[in-house]
Amino acid sequence: MNIPHIDLPRVIIIGGGFAGLHLAKKINKKQYQVVLIDKHNYHTFQPLLYQVATSGLEPDSIAYPIRRTFKKQPNFHFRLAKVEQIHQDKQYIETSSGQLNYDILIIATGAKTNFFGLENVEQHAIPMKSLVESLDLRSKILQNFEKAIYASSIKEQEKLMNFVIVGGGPTGVELAGALGELKKQVLPEDFPDLDIRKMKIHLLEAAPRVLASMSQAASNKAHQFLKKLDVHVWTNTQVTNFDGALVSTNGKSNFYSDTLIWAAGVSGAPIKGINVKDIGKGNRILVNNFNQINNSSNIYAIGDVALMQTESTPKGHPMLGSVAMQQGAHLAKNLNRIAANKTMLPFKYNDKGTMATIGRNLAVVDLQGLKFQGLFAWFVWMFVHLMLLVGFRNKIVVFINWAWSYIRFDKGTPLIVRPYIKRKSLN
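Note that the structure is a prediction, hence the values are computed from the model and not measured.

Enquirer: I tried to follow the overall build of the chain on my own but got confused; where do I start?
Expert: Counting its secondary structure elements, the chain contains eleven helices and 25 strands. Considering only C-alpha atoms, the chain reaches an extent of 70 × 50 × 45 Å along its principal axes. Burial statistics for the chain: of 427 residues in total, 52% are counted as buried. The contacts in the chain between residues at least 6 apart in sequence include a share of 65% that link residues at least 24 apart. For the chain, the distance from the average site of its 50 positive side-chain charges to the average site of its 31 negative ones is 6 Å.

Structure below.
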């Protein structure tokens, strides 16, 4: 892979998400040679994928080149490749571009969409876990309305204009709210030949309430905000099948729709070569308080792929960007301590709270000892997300887009640049 051999321990980081990026930023590159490997050459700010999917932002607004993040930094190397297997006994990895030895290995491969064994759903639904998938969803939404103009029957037209979102967590709620705003503000002007009132947005949640991980107050308010945007919320409802036209559930309500958007859950994305005994619930790698995997002193897992079970966190930490960033920064601190002949410190998650936005002036925020909703929560949500974006240009571009949208009620540019093509059969 054309990495020079030098007299420093080689640290390989697999994955350029929140965890891997924060680790690579904070590790002392005078003490280590750092190699970051990812199948994409950019870091994606996943919390705003839904805005790309609904034409609110362009993809380059929430993605930033990894190489540019670390330009002119010594002893740092980025390689665009897919890691295929880890060989723990001989301390090397196999990638799509060759083999590479390591002294310390960090697995930060994140998570993948979990369809809970529903093969038909996996075949026909659209997930939204990556930039490519969010662009697919954008094209699918716009193509549906273009097709609806030519629909030969009202039933076919309604099928194209019905959207079912599965999962009432932050991703599902925010996407449903964004579609609701499109219905009210944008689509009637963009498609004057259609009766947009026929468009239906259904949000399905298996739990008794949306945003189940947040406070009851936040959940109730989010439900009210969704109703305000004409989103139909169905709780205690599980999807059992989707054949591309009919969404079947465990209740009495089934939905005739061409588009099922899956935001119902994720599972870890470990790499081949990790012992099966080291894989815990949710397909996540079991780690100790220092993020080390079992029976290894030089292999670590951080972020969504890591499962750190303690007395205070028997189910592990939540699969959130805040956990991933803190684990990445903490592991960098520990590796720097090792280089300085100091002992490592156990990881402790600082839960600063959670938040979700539903639409213009509509958001909910749960902080430690403080919960609020509405306009102020919306401004707090925007500020936090702007600050977390990677790259000054991205912060400016997103801020200008949001300001323009707020003033002009204009939700970006709905272009079908790359038409959505349905995936081939899984069989």
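Enquirer: Sorry, what's going on with the environment of P414 here?
Expert: Structurally, the position occupied by P414 is in the segment after α11 (392–408). For P414 and H232, which are 182 residues apart along the polypeptide, the C-alpha to C-alpha distance reads 24 Å. The contacts of P414, once residues within four sequence positions are left out, are S55, L142 and D190.

Enquirer: Sorry, what's going on with unusual backbone geometry here?
Expert: Note on backbone geometry: most residues besides glycine have negative phi, and most peptide bonds are trans. Positive phi is not limited to glycine here, since K72 has a value of about 65°. Residue placement: K72 occurs in the loop between α3 (66–69) and β5 (76–80). Positive phi, normally seen in glycine, also occurs at Q91, with a value near 55°. Along the polypeptide, Q91 turns up in the loop between β6 (83–87) and β7 (92–95).

Enquirer: I would appreciate a short explanation of the nonpolar core in the present structure.
Expert: Nonpolar side chains tend toward joint burial in soluble globular proteins. Counting 92 residues, the largest nonpolar core has L48, I106, F145, L179, M199, L335 and I358 as its most contacted members. Here this core takes eight residues from helix α7 (residues 170–190), the largest share from any one element. Ignoring any residue separated from it by four or fewer positions in sequence, one finds L179 in contact with T54, I141, F163, I165, M199, I201 and I261. In this structure, I14, V83, L105 and M308 belong to the second largest nonpolar core, which totals 26 residues.

Enquirer: Is there a simple way to think about the packing of helix α1 (residues 18–26) against helix α9 (residues 321–339) in this case?
Expert: Helix-helix packing: each pair is described by the crossing angle between the helix axes and the interaxial distance. At a minimum axis distance of 7 Å, the contact between α1 and α9 shows a crossing angle of 30°. Between α1 and α9, the angle falls in the class roughly parallel. Between α1 and α9 the crossing geometry is right-handed. Facing α1, whose interface residues are F18, A19, H22, L23 and K26, α9 presents G321, A324, M325, G328, A329, L331, A332, L335 and N336. For the contact of α1 with α9, the class distribution of residues is nine nonpolar, four polar and one charged.

Enquirer: Just to check I follow, could you spell out the sheet that holds strand β21 (residues 299–301) for this structure?
Expert: Reading across the sheet, the five strands line up as β5-β2-β1-β9-β21 and stay open at both edges, with parallel pairing between neighbours. Edge positions in the sheet fall to β5 and β21, since each of these pairs with one other strand and no more. Averaged over neighbouring strand pairs, the angle between their axes works out to 15° when direction is ignored. Both strand β1 (residues 10–14) and strand β2 (residues 33–38) contribute to a ladder of five bridges, which runs parallel. Counterpart to R10 in the pairing with β2 is Q33.

Enquirer: Would you mind showing me how to read the packing of aromatic side chains here?
Expert: We describe a pair of aromatic rings using the distance from one ring centre to the other and the angle between the two ring planes. As enumerated under the stated definition, the model contains nine aromatic pairs in all. When the ring of W234 is compared with that of F255, the centres are 5.2 Å apart and the planes differ by 75°; the resulting orientation is edge-to-face. Of this pair, W234 sits in strand β14 (residues 231–234) while F255 is found in strand β17 (residues 255–256), placing the two residues 21 residues apart along the sequence. The class of F255 is buried, set by a relative accessible area of 6%. The rings of F145, F163 and F191 are connected pair by pair, giving a single aromatic cluster. If you follow K155 out to its NZ or CZ, it ends over the ring of Y256, 5.0 Å from the centre.

The rules behind each value
Residues numbered from 1 in each chain as written. Predicted model: local features only at pLDDT ≥ 70, side-chain atom pairs only at ≥ 80, totals over all residues. Heavy atoms only, no water. Helix = DSSP H or I, 4+ residues; strand = E, 2+ residues; numbered from the N terminus. Buried < 20%, exposed > 50% of the residue type's maximum accessible area, 1.4 Å probe, protein only. Contact = heavy atoms within 4.5 Å. Lys, Arg positive; Asp, Glu negative; His and termini not counted. Charge placed at Lys NZ, Arg CZ, Asp CG, Glu CD. Core = buried A, V, L, I, M, F, W, Y, C linked by side-chain atoms within 4.5 Å. Axes fitted to C-alpha atoms, helices over the stretch in contact; angles between N-to-C directions. Parallel < 35°, antiparallel > 145°, perpendicular 65-115°, else oblique. Left-handed = near helix turned anticlockwise from the far one by under 90°. Nonpolar A, V, L, I, M, F, W, Y, C, P; charged D, E, K, R; others polar. Pairing = 2+ DSSP bridges. Phe/Tyr/Trp six-rings, centres within 6.5 Å; stacked < 30°, edge-to-face > 60°. Lys NZ or Arg CZ within 6 Å of the ring centre and 35° of its normal.

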